[in-house]
Each structure stands twice: as structure tokens, then as C-alpha cells.
Amino acid sequence: MSAASDKGRARLISRLGGAALVAIVLAVVSQWNFAADADDRDIGALVLPGFEARAGDAGLVMVTTREESYHIARDPEGWVLTEKGRYPVEAEPLGQLAEALSAMRFGRSMTQDPKKHDRLGLGDPLEGGTGALLEVSDGSGTVLAKLIVGFKNGSAFVRRPGEDQAWEVTDAELPPFQRAAQWLDLDVVSLDATEISLVEIEPTAGRAFALVPRIDAPGEFQLAPPDDTARLTTSFAPNPPANILTRLAPIDVKPLSQLSTDTPVGVHRTHTYDGLVYEAALYENGGTFWVALGVYAEDDNPDLLARIESLEERIAGWAFGVSRLEWDALTTPFEAIALVD
């Protein structure tokens with residue numbers, strides 16, 4: 001075979017090899033570009049383009065996490081949380097949710113790898129994942145929105161159930177979903193320390209005692225007679241149990257009838273200068289701590305009736321869950337305040 005033939009064959013092989021390589025590269029790049037183009041078309045688009053027009057039809061919000069599942073339903077009087085005895089839900093986070101779902105847009109395209117969903121808070125909660133499955137319907141079966149929602153480092157992420165594509169979203173400030181109690185209006189007592197004239201404590205153990213304001217230090221307290229001559233464990237020891245209702249921040253709520261006992265283990269009463277008495281009956285329930293609140297007037301003062309009725313509308317018939325720290329303040333024993341011989 002001639003040298004010219006060898007050179008021609010080499011050139012042919014080189015061309016064929018080069019063409020195959022180019023074909024492979026073009027195929028890979030083509031597939032990659034199509035995926036990028038699909039993402040590019042979505043960036044900036046509304047996640048739920050039809051939601052704003054139907055937001056007023058919403059009658060049920062369902063949230064499922066790996067810890068709990070709860071339903072927020074619209075009653076004739078307003079929105080309530082079904083699993084919390086139909087306790088009223090705050091209007092602000094519901095409005096925030098409606099606004100966010102109406103305005104939410106696709107931002108950055110994130111992962112399509114299901115193994116990475118949990119890193120963005122988007123793991124399927126039905127399979128133990130970190131995400132929150134959010135469903136909004138009109139209450140009669142028509143679904144208005146259905147997304148898995150997650151949060152990380154101050155950003156919100158979504159993906160559609162059954163799809164792997166995850167997105168960062170923009171133009172939306174979504175409320176938290178992980179705990180049902182975060183939706184509730186549990187700011188049930190509005191009281192300032194300077195309004196308090198007397199605090200009576202019947203703790204879970206030990207004898208009853210009372211606290212009164214210090215004349216020389218507004219907002220601070222001391223033991224009331226006949227214990228006013230007792231030496232204090234610390235000068236500020238009376239303050240936490242006396243001030244507890246001014247900073248009470250319940251973490252849960254349930255109908256009082258759902259407690260496993262109807263016998264309180266202690267009582268904490270806060271009297272005010274204008275004649276109101278806030279009474280907190282204290283209950284232990286399966287290792288958790290609950291307060292049933294009531295309010296009444298020291299005297300039959302008709303001027304206080306309207307205030308009492310307004311307060312009772314928020315607290316009557318409910319047990320409010322409190323933290324261990326608040327429980328310890330409500331049930332402070334005499335020995336924690338005074339040195340006992």
C-alpha cells in the first residue's frame with residue numbers, strides 16, 4: 001500500500017473520530033441547554049398564577065410536618081385551629097400567607113436531587129422529611145394551592161409534591177409552618193407590674209404567702225405581712241413570682257375539659273389597684289404544665305363588668321400551656337423566697 005493511501009486513511013479515521021466526539025459533545029450540551037432553557041422560562045414567573053384571584057375562596061389550610069398535622073378552618077366568626085379545640089387563629093399570619101402565595105415567584109433553580117431536599121427543608125414530611133406540606137382549599141374539595149415549603153438561612157424554598165425540582169422563591173414572606181401553636185393568638189393577659197397591688201400564691205408544696213409592691217422601688221416586690229420581717233434569700237427573689245402574669249407567654253392551648261384532671265395543684269392570684277383579680281389555677285397534665293385563667297372584681301363594681309366580659313371571652317374554658325420556667329415562677333414555694341429556720 002502506498003504512502004499516499006496510508007495518509008488518506010489516517011485523515012478519514014481522524015475525521016470520523018472527530019465527528020463522533022463532536023456529536024457526543026453536542027448531544028450533552030443540547031440536553032443541558034434544554035434543561036437550562038426550561039428553568040430560565042420559569043424564573044420570575046408566579047409560582048401560583050391563579051391563586052390571587054381565588055384567595056378569597058380559601059376556607060381550609062392544611063399543614064403536615066413530620067412532627068404534626070393540623071387544620072386551620074374558617075368559621076362564621078373567623079379562622080380557628082381544629083386540633084386546638086377550634087381556638088381562634090391570629091389574623092396577621094393568615095394575611096401574610098395569602099399575600100405570600102399570591103406574590104411568590106420562582107427565583108433560583110435549586111437541586112433536582114431528592115437526596116438533597118432535606119438540606120433545603122423540602123424533604124417529604126410523609127416520609128419523615130424536613131419539609132412542610134401546605135394545602136389550601138376552598139373547604140369543599142377544590143385545591144387552590146399545594147406545595148412543600150422549606151426554610152434555610154433566611155430564604156424560602158418550594159417544590160411541587162411529586163416533583164424533584166426545588167426552587168428558591170422571591171417576593172414572599174411566608175409564615176412559619178412547623179408548629180401549630182405559632183398561628184395562635186396566645187397573648188391573653190395585658191398587665192403591667194405597676195398595676196399590681198397584691199399577689200397571693202398557693203404553691204404546689206408548702207404554705208401560702210403573699211407579696212406586695214415596694215414603695216421605694218416601683219415594679220419590685222416584697223413579702224406581705226405577717227411575713228414581711230422574714231429574711232429574703234435574695235433581694236430580688238419576690239419579683240419573678242409577683243411579675244409572672246406581666247410576661248406570661250403560653251406555648252399551647254386546649255379546652256379545659258381535655259385536661260386529664262379537674263383538680264388544680266396550686267393557685268396564683270394577682271390583684272390590681274383598680275379592683276380586678278386574675279386567678280390562675282395550675283394543673284400538671286402528663287408532664288406538661290397548664291394554667292386556667294379567670295378574672296373577677298374584688299367588689300361588685302359595675303364599671304369593671306365590660307372589661308371582665310372582654311377578658312373572659314378570651315380565656316374562659318381554655319387551659320394554656322406554659323414553659324417550665326413560667327411554671328416554676330407561678331408555683332414558687334415560700335422557702336425559695338425567705339430563709340426558714
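Residues numbered from 1 in each chain as written. Predicted model: local features only at pLDDT ≥ 70, side-chain atom pairs only at ≥ 80, totals over all residues. Heavy atoms only, no water.

**Student:** Can you lay out the overall build of the chain for me, pointing to particular residues and giving the numbers?
**Tutor:** Each helix and strand counted, the chain has 6 helices and 17 strands in total. The buried share of the chain, taken over its 341 residues, is 42%. Counted over contacts in the chain with a minimum sequence separation of 6, partners at least 24 positions apart contribute 63%. Of the accessible surface of the chain, which amounts to about 18300 Å², a share of 53% is contributed by carbon and sulfur atoms. (Helix = DSSP H or I, 4+ residues; strand = E, 2+ residues; numbered from the N terminus. Buried < 20%, exposed > 50% of the residue type's maximum accessible area, 1.4 Å probe, protein only. Contact = heavy atoms within 4.5 Å. Areas by Shrake-Rupley, 256 points an atom, 1.4 Å probe, with all protein chains shown as cover.)

**Student:** Tell me about the nonpolar core, residues and numbers included.
**Tutor:** When a protein is soluble and globular, its nonpolar side chains tend to lie buried together. L101 and F177 are the most contacted members of the largest nonpolar core, which totals 73 residues. Non-local contacts of L101, meaning those with residues more than four positions away in its chain, are made with L48, F51, L134, V136, A145 and L174. (Core = buried A, V, L, I, M, F, W, Y, C linked by side-chain atoms within 4.5 Å.)

**Student:** Now, about the confidence of the model for the chain: what can you tell me, with residues and values included?
**Tutor:** Taken as a whole, the chain shows an average pLDDT of 87; of its residues, 88% reach a score of 70 or greater. Per-element confidence in the chain ranges from a low mean pLDDT of 46 for helix α1 (residues 3-42) to a high of 98 for strand β10 (residues 196-202). (pLDDT = per-residue confidence, 0-100.)

**Student:** Tell me about helix α5 (residues 305-315), and please be specific about residues and values.
**Tutor:** Turning to α5, its buried residues are I308, L311 and I315. The arc enclosing the buried residues of α5, seen along the axis, measures out at 70 degrees, which places them on a common side. Exposed and facing more than 90 degrees away from the buried side of α5 are A306, E309 and E313. Buried residues along α5 sit in contact with β15 (276-285), β16 (288-297) and β17 (318-322). G317 occupies a position one or two residues after α5 and carries a positive phi of about 85 degrees. (Arc of directions from axis to C-beta.)

**Student:** Go over the environment of M62 with me, naming the residues and quoting the values.
**Tutor:** Looking at where M62 falls in the secondary structure, it is placed in strand β1 (residues 60-64). Residues M62 and S137, spaced 75 residues apart in sequence, show a C-alpha to C-alpha distance of 8.3 Å. Ignoring sequence-local partners within four residues, the contact set of M62 consists of Y70, H71, L133, L134, E135 and S137.

**Student:** How would you summarise the pairing of β10 if you had to cite specific residues and measurements?
**Tutor:** The side chains of a regular strand alternate between both faces of the sheet. Looking at chain direction, β10 and strand β14 (residues 266-272) are connected through 6 bridges and run antiparallel. Residue pairing across strands places I196 opposite T272, the latter belonging to β14. Sheet topology places β10 next to strand β11 (residues 209-214); 3 bridges connect them, and they run antiparallel. The partner of E200 across the bridge, within β11, is A210. Here β10 folds back onto β11 in antiparallel fashion, the turn holding 6 residues, of which G206 has a positive phi close to 90 degrees. (Pairing = 2+ DSSP bridges.)

**Student:** Can you break down unusual backbone geometry residue by residue, with the values?
**Tutor:** P226 follows P225 through a cis peptide bond whose omega is 10 degrees. Of note, P226 is situated in the loop between β12 (217-223) and α4 (239-243). Positive phi outside glycine occurs at R86, with the angle close to 65 degrees. Tracing the backbone through its elements, the reader meets R86 in the loop between β3 (78-81) and β4 (87-88). Exposure remark for R86: the relative accessible area of 37% places this residue in the partly exposed category.

**Student:** Pulling in residues and values, what's your account of the pairing of strand β8 (residues 155-159)?
**Tutor:** Most of β8 sits out of view: 4 of its 5 residues are buried. The pairing of strand β7 (residues 143-152) with β8 spans 5 bridges and is classified as antiparallel. For F151, the partnering residue across the bridge sits in β8 and is A156. As consecutive antiparallel partners, β7 and β8 are separated by 2 residues, and within that stretch N153 has a phi angle of approximately 50 degrees, a positive value. Across 2 bridges, β8 lies against strand β9 (residues 167-170) in antiparallel orientation. Across the sheet, F157 pairs through a bridge with E168, a residue of β9.

**Student:** Quick rundown of the sheet that holds strand β6 (residues 132-137)? Include the residues and the values.
**Tutor:** Read across the sheet, 9 strands follow the order β4-β3-β2-β1-β6-β7-β8-β9-β5 without closing on themselves; strand pairing throughout is antiparallel. Two strands bound the open sheet, and with one partner strand each, they are β4 and β5 (105-109). With 5 bridges joining them, β1 and strand β2 (residues 69-75) adopt antiparallel strand pairing. Bridge pairing links T64 to S69 in β2.

**Student:** Can you break down helix α3 (residues 91-103) residue by residue, with the values?
**Tutor:** Owing to its 3.6 residues per turn, the α-helix brings residues three or four apart onto one side. Between its first and last C-alpha, α3 extends 18 Å over 13 residues, near the 18 Å set by a 1.5 Å rise per residue. Taken together, the buried positions of α3 are P93, L94, L97, A100, L101 and S102. Packed against the buried residues of α3 are α2 (51-54), β1, β2, β3, β6 and β7. (Expected span 1.5 Å × (residues − 1).)

**Student:** Could you give an account of the sheet that holds β10, with specific residues and numbers?
**Tutor:** Taken in spatial order, the 8 strands make up an open sheet running β12-β11-β10-β14-β15-β16-β17-β13, and their pairing is antiparallel. Looking at which strands have only one partner, the edges of the open sheet turn out to be β12 and β13 (252-255). For this sheet, the mean inter-axis angle between neighbouring strands, taken without regard to orientation, is 25 degrees. Across 4 bridges, β11 lies against β12 in antiparallel orientation. Its bridge partner being in β12, R214 is matched across the sheet by A217. (Axes fitted to C-alpha atoms, helices over the stretch in contact; angles between N-to-C directions.)

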